[in-house]
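Architecture and fold: a report
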Amino acid sequence: GTARSCASPGVAGSYPLNVTGDTFTADFADTVTLDGSDCTQRSGSAEAVFEVDLALGEILTVSEHDSSFNSVISILPGGVCSSAAVCGESSDAAESTGLTYTASAAETVYVVVEAYSSTYNGSYDIRIDTKTSVCGDGVVEGLEECDDQNAATPGCDGNCLVEAGYRCTGEPSV
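Attention here is on the structure that accompanies the text.

All chains considered together, the criterion is met by 4 disulfides. Sulfur-sulfur distance for the disulfide between Cys-39 and Cys-87 comes to 2.0 Å. Between Cys-39 and Cys-87, the S-S dihedral sits near 95 degrees, and the bridge is therefore right-handed. With Cys-39 in the loop between helix H1 (24-27) and strand E3 (47-54) and Cys-87 in the loop between strand E5 (71-76) and strand E6 (89-91), this residue pair connects regions lying 48 residues apart in the sequence. Residue Cys-39 is classed as buried on the basis of its relative accessible area of 11%.

Right, let's get into the packing of aromatic side chains. Counted under the stated rule, the structure contains 5 aromatic pairs. Summarising the aromatic geometry, the rings of Phe-24 and Phe-28 are spaced 4.9 Å apart at their centres and angled 45 degrees between planes, so their arrangement reads as tilted. Residue Phe-24 is classed as buried on the basis of its relative accessible area, which comes to 0%. Look at Phe-69 and Tyr-120: their rings are 4.9 Å apart centre to centre, the planes differ by 20 degrees, and that puts the pair in the stacked class.

Structurally, the position occupied by Tyr-120 is in the loop between strand E8 (107-115) and strand E9 (124-132). For Tyr-120, a relative accessible area of 14% corresponds to the buried category. In this structure Tyr-120 touches Phe-24, Thr-25, Asp-66, Ser-68, Phe-69 and Ala-115, once residues within four positions along its chain are discounted. A distance of 3.3 Å separates the side chain of Tyr-120 from the side chain of Ser-68, its partner in a polar contact.

Conventions and cut-offs
Positions within a chain are numbered from 1, following the residues in the order the chain's sequence is written. Owing to the predicted nature of the model, reporting of local features is limited to residues with pLDDT of at least 70; listing and counting of side-chain atom pairs is limited to 80 or more, with chain, interface and lining totals taken over all residues. Hydrogens and waters are ignored; side-chain quantities use all the structure's heavy atoms. Disulfide: a pair of cysteine sulfur atoms within 2.5 Å of each other. Numbered from the N terminus, helices here are DSSP runs of H or I no shorter than four residues, and strands are runs of E no shorter than two. Working definition: with a 1.4 Å probe on protein chains only, accessible area under 20% of the residue-type maximum means buried, over 50% means exposed, and in between means partly exposed. Each Phe, Tyr or Trp ring, with Trp reduced to its six-membered ring, pairs with another whose centre is within 6.5 Å; inter-plane angles below 30 degrees give stacked pairs, above 60 give edge-to-face pairs, and intermediate values give tilted ones. Note on contacts: a residue pair qualifies if any of its non-hydrogen atoms lie within 4.5 Å across the two residues. Counting of polar contacts relies on pairs of N or O atoms within 3.5 Å, with two restrictions inside protein: one atom must be capable of donating a hydrogen and the other of accepting it, and residues adjacent in sequence are counted only when both atoms are side-chain atoms.

In structure tokens:
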């Protein structure tokens, strides 16, 4: 795909995917206005659209690192890319930190990176990456409820789920 629309999204063969260029509005088009619930709404601005297949529990991170580019990043879950699609995540703040989304099932999501201003015609640096959480690394992420670094103490089981009758807090979990 050319990443110019929902009908022709960019598809990565591997991650991380870095997409850079000098003229955002020349490289992408205004093809979708996100009016669905939980979407940060913009209209009349060019957007780049990417299709990402995720496995259960896989973590998607999308960020934009060109300091001159003010963008709106939206993640559309459930395999639907249209103006009425519900946004799983959407924000026009902290582009370089980015948005993170965890797949609650194996699914296709669409990433929409849109220029905040309809007149922006400068450079861009879009980064898309995926990873799988690792139970036992001490970091609670993805579908993990806890992660005690596989300590031999009760409360957090070997699948990083909280055992009945316990509460876990922190990283690593205690």
